[in-house]
Every structure is written in C-alpha cells, then in structure tokens.
Amino acid sequence: MSEQNRYSWRERMTILGDVEAASFLPWIERHAAKLGLTQARCVAGPNRIELDIAGPAELIDMMEMGCSLGPIDVWVEAIRRVPIENESG
C-alpha cells in the first residue's frame, strides 16, 4: 500500500443488525473522533447504518472492531466494507 493510500483511504461501512438504539450513532461519532477518522452518516435505519469513513486503513479496521463490540444496547450481526474510489483524478 502506498503512503498516500495509507492515509487517504475511504470506505463505505455498512453495519447490519439491531442498531436502532439512540445511543449508537453518537457512540459511532465519538469513536471515529477518538480514532481521528472522518465519518459521515449516509443512511440510518432500524436494521442498517451506512457510513463513509476516511483515514488510515488500520484505524478503519479498529473502527470496525469497535462497532462490532459496540454499546450493550445494540446487536451487530455483520459489518460490510467497500472501498470508495477517489473522485479526483
């Protein structure tokens, strides 16, 4: 992985399960901030949350692990990750 890609990695993270607890979205925002990741909520519903996340790939891995363990009032069944292509050429 090139140094540039390591620091400018972007992914769409889809979190599936019982994720409608009011505490989960603020928890995700705090966790991303602690890791120094940039995140934007795309879609949120009772069974799915989609986020665009940017930062070092290793920290995105840590974000996935954190979300899978998440707060006690959610149940994450699966997390899917898809790279987002860079729009700039």
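Now for a look at the structure at hand. Only a predicted model underlies this, so the values are computations on that prediction, with no experimental measurement involved.

What counts and how
- Residues numbered from 1 in each chain as written.
- Predicted model: local features only at pLDDT ≥ 70, side-chain atom pairs only at ≥ 80, totals over all residues.
- Heavy atoms only, no water.
- Pairing = 2+ DSSP bridges.
- Helix = DSSP H or I, 4+ residues; strand = E, 2+ residues; numbered from the N terminus.
- Patch = residues over 30% accessible without salt bridge, like charges linked within 9 Å, V, L, I, M, F, W, Y side chains within 5 Å.
- Areas by Shrake-Rupley, 256 points an atom, 1.4 Å probe, with all protein chains shown as cover.
- Salt bridge = Lys/Arg side-chain N within 4 Å of Asp/Glu carboxyl O.
- Lys, Arg positive; Asp, Glu negative; His and termini not counted.
- Charge placed at Lys NZ, Arg CZ, Asp CG, Glu CD.
- Buried < 20%, exposed > 50% of the residue type's maximum accessible area, 1.4 Å probe, protein only.
- Axes fitted to C-alpha atoms, helices over the stretch in contact; angles between N-to-C directions.
- Contact = heavy atoms within 4.5 Å.

**Some thoughts on the pairing of strand 1 (residues 9–18)**
Note that strand 1 and strand 3 (residues 48–55) share eight bridges and pair antiparallel. Across the sheet, residue Glu11 finds its bridge partner in strand 3, namely Ile53. Examined bridge by bridge, strand 1 and strand 4 (residues 75–83) share eight bridges and lie antiparallel to one another. Residue pairing in the sheet places Thr14 in a bridge with Arg80 of strand 4.

**Points about a negative patch on the surface**
Together, Asp18, Glu20, Asp73 and Glu77 give the surface a local cluster of negative charge. Among the residues examined, Glu20 registers a relative accessible area of 54% and is labelled exposed.

**So, the environment of Arg10**
Turning to its location among the elements, Arg10 is positioned in strand 1. The partly exposed category is assigned to Arg10, whose relative accessible area is 25%. Distance in space between the C-alpha atoms of Arg10 and Arg81 is 9.9 Å, their sequence separation being 71 residues.

**A short note on the sheet that holds strand 2 (residues 38–44)**
Reading across the sheet, the four strands line up as 2-3-1-4 and stay open at both edges, with antiparallel pairing between neighbours. Each edge of the open sheet carries a strand with a single partner, namely strand 2 and strand 4. Here the strands of the sheet are splayed against their neighbours by 20 degrees on average, with no regard to which way each runs. Packed on one face of the sheet, helix 2 (residues 24–35) meets strand 1, strand 2, strand 3 and strand 4 and runs near 160 degrees to strand 2.

**Looking at the pattern of salt bridges**
Any two side chains of opposite charge can pair if their charged atoms end up close together. If you walk through the whole model with that rule in mind, you get six salt bridges. The shortest N-O distance in the salt bridge between Arg81 and Glu11 comes to 2.5 Å. Taken together, the residues span a long stretch of sequence, with Arg81 in strand 4 and Glu11 in strand 1 at a distance of 70 residues. In this structure Arg81 comes out as partly exposed when scored by relative accessible area, which is 23%. Arg48 is the salt-bridge partner of Glu50, the closest N and O atoms lying 3.4 Å from each other. Assessed through its relative accessible area of 14%, Glu50 is described here as buried. Judged by relative accessible area, which is 36%, Arg48 ranks as partly exposed. Via salt bridges that share partners, Glu11, Asp61, Glu64 and Arg81 belong to a single interconnected network.

**Side note on the pairing of strand 2**
Pairing of strand 2 with strand 3 involves six bridges; the strand directions are antiparallel. Across the sheet, residue Thr38 finds its bridge partner in strand 3, namely Ala54. Counted between consecutive antiparallel strands, the loop separating strand 2 from strand 3 contains three residues.

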